[in-house]
Amino acid sequence: MDEFVTLTYNGKEIMLPMVTGSEGEKAIDISSLRAETGFITLDPGYANTGSCLSSITFMDGEKGILRYRGIPVEQLAEHSTFKETVYLLINGRLPDRDELTQFSVMLNDNSLVHTDLKAFYQNYPRRAHPMGILSSMVNTLKAFYPTLETVEEEINITMTRLLAKVRTMAAMSYKISRGHEIVFPRADLTYCENFLNMMFDSPVKSYEMKREAVNALRVFWILHADHEQNCSTSAVRMVGSARVNLYAAISSGIAALWGPLHGGANQAVIEMLTNIQNDGGNCQKAVQRARDKNDPFRLMGFGHRVYKTYDPRAKIMKKMCDELLESMHITDPLLDTARELEEIALKDPYFVDHNLYPNIDFYSGIVLRAIGIPTNMFTVLFALGRLPGWIAQWRESTDDPHWKISRPRQIYTGSQKYDYVPIHAR
Ligand code: CMC
């Protein structure tokens with residue numbers, strides 16, 4: 001039975017349909033509001049606006065739940081491989097053995113990049129941030145494959161190309177930035193092993209693949225694989241809604257992710273922890289600054305638009321961080337600072353009242369440091385993890401029969417009409 005919400009305005013009653021999701025989430029469909037009343041809705045930052053119907057990821061921010069295609073992220077982090085999770089997100093179900101093998105073969109077949117790309121990388125200024133380079137290079141990749149993704153097969157190849165090549169390109173960019181030889185992908189290595197090998201193997205010293213490092217990267221990437229309509233995913237959907245090609249849509253997602261309030265927070269956390277240490281290790285002072293409204297400082301890696309409890313990804317990341325450092329016999333003083341900061345913040349009335357808990361980025365930087373990833377590459381690692389989510393969301397939006405170009409409205413607050421005055425008369 002259809003359900004409606006009644007809006008009363010100026011004595012007139014307007015019936016607006018209710019929409020209920022498969023987990024009981026409720027929305028009001030306001031698409032007829034303007035035609036019926038002349039009103040639009042105003043919701044800065046889209047904090048309470050549903051932009052689409054989606055069957056990819058379910059989040060409950062109050063209960064701290066995250067599921068990909070119905071499967072709890074905790075189970076995937078424990079048992080799945082990144083490749084299998086990618087397949088799940090993009091195809092909507094887990095693959096059988098043959099499908100997974102075929103997917104692996106396709107990824108391996110597409111993992112090499114044209115060596116002409118090297119020239120592009122070499123010409124970036126040495127201090128360029130890897131996220132800016134990655135965003136531009138994903139757009140550049142389109143120039144190497146100018147055919148349009150019109151037929152299903154072509155779209156599948158493009159998605160596979162991105163999953164396989166962007167990983168190669170990220171490692172290649174790191175090697176070139178250091179002036180080192182590029183290491184090519186190998187078909188005998190897993191998705192995660194391949195990346196670590198391309199990053200750290202060298203002609204003078206073979207990379208010693210550690211099981212713990214591979215596992216940490218696997219979990220890190222699974223935890224980042226999708227997060228429904230966050231800023232970068234919304235960018236991918238919005239840019240994609242203009243029917244732009246997938247490379248351009250993903251490039252916009254990478255650009256959005258770069259921001260310190262979003263994916264860039266993993267780098268910002270390490271910088272913040274380092275600053276706290278350099279300043280004498282006073283965590284209490286940092287918490288005090290974070291709650292001072294006259295100070296722009298925020299605790300990076302804390303707070304989330306949706307989670308009003310502990311981020312379920314952060315729980316896994318924190319546990320993994322402890323285990324990883326212990327098993328690799330690493331002592332990282334930043335971990336002690338992070339633990340102390342968390343303990344103080346979680347007891348602080350301001351943080352309690354504002355429901356501010358650590359998010360995924362709080363401990364992820366320490367994990368990445370432990371496996372040797374340089375700080376300025378942290379957000380690139382996030383982007384590689386989020387790639388399947390962006391692709392799945394782009395595909396869902398392009399398959400939607402009700403697909404429309406994204407075009408929000410506004411309430412204009414500028415000058416009312418006045419006449420142009422020529423410069424000599426001003
Ligand atoms: N430190 C201090 N105060 C905070 C923080 C923080 N990290 N986060 C939010 N607040 C306060 C904020 O000042 C505001 O207070 P009041 O209501 O008294 O004015 C209140 O909490 C709500 O904050 P908001 O900025 O309106 O919340 P939002 O939903 O718009 O922002 C956020 C979410 C993640 C941008 C924000 O919590 C933040 O800036 N966190 C630090 C950056 C960070 O860790 N980002 C990574 C997010 S998780 C990875 C990802 O998926 O992107």
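Refer to the structure printed above.
Only a predicted model underlies this, so the values are computations on that prediction, with no experimental measurement involved.

So what exactly am I meant to see when it comes to the layout of surface pockets here?
Any space left empty among the atoms is revealed by the rolling of a water-sized probe across them. Volume-wise, the second largest pocket comes out at about 400 Å³. The wall of the second largest pocket is formed by 15 residues, among which Asn215, Val219, Lys319, Met320 and Glu323 lie closest to the centre. A breakdown of the residues in the lining of the second largest pocket according to their chemical character gives six nonpolar, two polar and seven charged.

Just to check I follow, could you spell out the packing of helix H7 (residues 152-177) against helix H11 (residues 246-257) for this structure?
How two helices sit against one another is set out by the angle between their axes and by the gap between those axes. Put simply, H7 and H11 touch, their axes get as near as 11 Å, and they point 35° apart. Regarding H7 and H11, the two cross each other, and that crossing is right-handed. Of the residues in H11, those touching H7 at Thr158, Met159, Arg161 and Leu162 are Leu246, Tyr247 and Ile250. Class assignment for the residues of the contact of H7 with H11 results in five nonpolar, one polar and one charged.

How should the side chain of arginine 313 be read in this particular structure?
Relative to the helices and strands, arginine 313 resides in helix H14 (residues 312-327). Among the residues examined, arginine 313 registers a relative accessible area of 2% and is labelled buried. There is a polar contact of 2.8 Å between the side chain of arginine 313 and the side chain of aspartate 311. Once you skip the residues sitting within four places of it in the chain, arginine 313 turns out to touch Leu66, Leu223, His227, His304, Tyr307, Ile360 and Arg386.

For this particular structure, what's the right way to read the environment of serine 206?
By the secondary structure assignment, serine 206 is in the loop between helix H8 (191-200) and helix H9 (211-224). Of the residues examined, serine 206 reaches a relative accessible area of 60% and is grouped as exposed. For the pair formed by serine 206 and tyrosine 145, sequence separation is 61 residues and the distance between their alpha carbons is 33 Å.

What exactly am I supposed to notice about the sheet that holds strand S6 (residues 71-72) here?
Backbone hydrogen bonds are what pair the strands of a sheet, in a parallel or an antiparallel way. Across the sheet, which stays open at both edges, the three strands sit in the order S4-S5-S6 with antiparallel pairing between neighbours. Two strands lie at the open edges of the sheet, namely strand S4 (57-60) and S6, each paired on one side alone.

Sorry if this is basic, but what is going on with helix H4 (residues 97-109) here?
Residues three or four positions apart in an α-helix share a direction because the helix packs 3.6 residues into each turn. The end-to-end C-alpha distance of H4, which contains 13 residues, comes to 18 Å, matching closely the 18 Å that a straight helix rising 1.5 Å per residue would cover. Within H4, burial applies to Phe103, Ser104 and Leu107. All buried residues of H4 fall inside an arc of 100° around its axis, so they share one side. Relative to its buried face, H4 has exposed residues pointing more than 90 degrees away, namely Asp98, Gln102 and Asp109. Tucked inside the fold, the buried residues of H4 contact helix H3 (82-91), H7 and H8. Near the N-terminus of H4, the side chain that reaches the backbone nitrogen of aspartate 98, with its oxygen 3.2 Å away, is that of aspartate 96.

Sorry, what's going on with the packing of H8 against H9 here?
Interaxial distance between H8 and H9 falls to 9 Å at its minimum, and their mutual angle equals 115°. With respect to H9, the element H8 is oriented roughly perpendicular. You can see that H8 and H9 cross each other, and the crossing is right-handed. Residues Tyr191, Cys192, Glu193, Phe195 and Leu196 of H8 form the contact with H9, whose participating residues are Ala213, Val214, Leu217, Arg218 and Trp221. Grouping the constituent residues of the contact of H8 with H9 by class yields eight nonpolar, no polar and two charged.

Help me understand the environment of phenylalanine 195, please; the structure alone is not making it clear to me.
Its place among the elements puts phenylalanine 195 in helix H8. Relative accessible area serves as the criterion here: at 0%, phenylalanine 195 is assigned to the buried category. Once the C-alpha coordinates of phenylalanine 195 and phenylalanine 184 are considered, the two residues, 11 residues apart in sequence, prove to be 9.6 Å apart. Setting aside chain neighbours within four positions, we find phenylalanine 195 in contact with Arg167, Ala170, Ala171, Leu217, Trp221, Ile373, Leu381 and Leu384.

Honestly, the pattern of salt bridges in this entry has me stumped. Any pointers?
Two side chains of opposite charge can pair, provided their charged atoms sit close to one another. As enumerated under the stated definition, the model contains 16 salt bridges in all. With a closest N to O distance of 3.9 Å, lysine 63 and aspartate 60 form a salt bridge. A relative accessible area of 63% places lysine 63 in the exposed class. Taking relative accessible area as the criterion, aspartate 60 reaches 16% and is therefore assigned buried.

How should I be thinking about the environment of isoleucine 360 in this particular structure?
In this fold, isoleucine 360 is placed in the loop between helix H16 (349-353) and helix H17 (361-370). Residue classification places isoleucine 360 among the buried positions, given a relative accessible area of 1%. Not counting chain neighbours up to four residues away, the residues in contact with isoleucine 360 comprise Leu223, His224, Asp311, Arg313, Ala314 and Met317.

Any chance you could explain empty space enclosed by the protein here in plain terms?
For the structure on display, the rule yields one cavity of 30 Å³ or more. What the largest cavity holds in volume is close to 30 Å³. In this structure, the largest cavity is lined by Gly303, His304, Tyr307, Thr309, Asp311, Asn355, Leu356, Tyr357, Pro358 and Asn359. Along the lines of polarity and charge, the residues of the lining of the largest cavity split into four nonpolar, five polar and one charged.

About the cut-offs
Residues numbered from 1 in each chain as written. Predicted model: local features only at pLDDT ≥ 70, side-chain atom pairs only at ≥ 80, totals over all residues. Heavy atoms only, no water. 1 Å grid on protein atoms, 1.4 Å probe; cavity = no way out; pocket = protein on both sides within 12 Å on 5 of 7 lines; lining within 4 Å. Points joined across faces, edges and corners; volume = space filled by probe spheres on them. Nonpolar A, V, L, I, M, F, W, Y, C, P; charged D, E, K, R; others polar. Axes fitted to C-alpha atoms, helices over the stretch in contact; angles between N-to-C directions. Helix = DSSP H or I, 4+ residues; strand = E, 2+ residues; numbered from the N terminus. Left-handed = near helix turned anticlockwise from the far one by under 90°. Contact = heavy atoms within 4.5 Å. Buried < 20%, exposed > 50% of the residue type's maximum accessible area, 1.4 Å probe, protein only. Polar contact = N/O pair within 3.5 Å; in protein donor to acceptor, adjacent residues only side chain to side chain. Pairing = 2+ DSSP bridges. Expected span 1.5 Å × (residues − 1). Arc of directions from axis to C-beta. Parallel < 35°, antiparallel > 145°, perpendicular 65-115°, else oblique. Salt bridge = Lys/Arg side-chain N within 4 Å of Asp/Glu carboxyl O.

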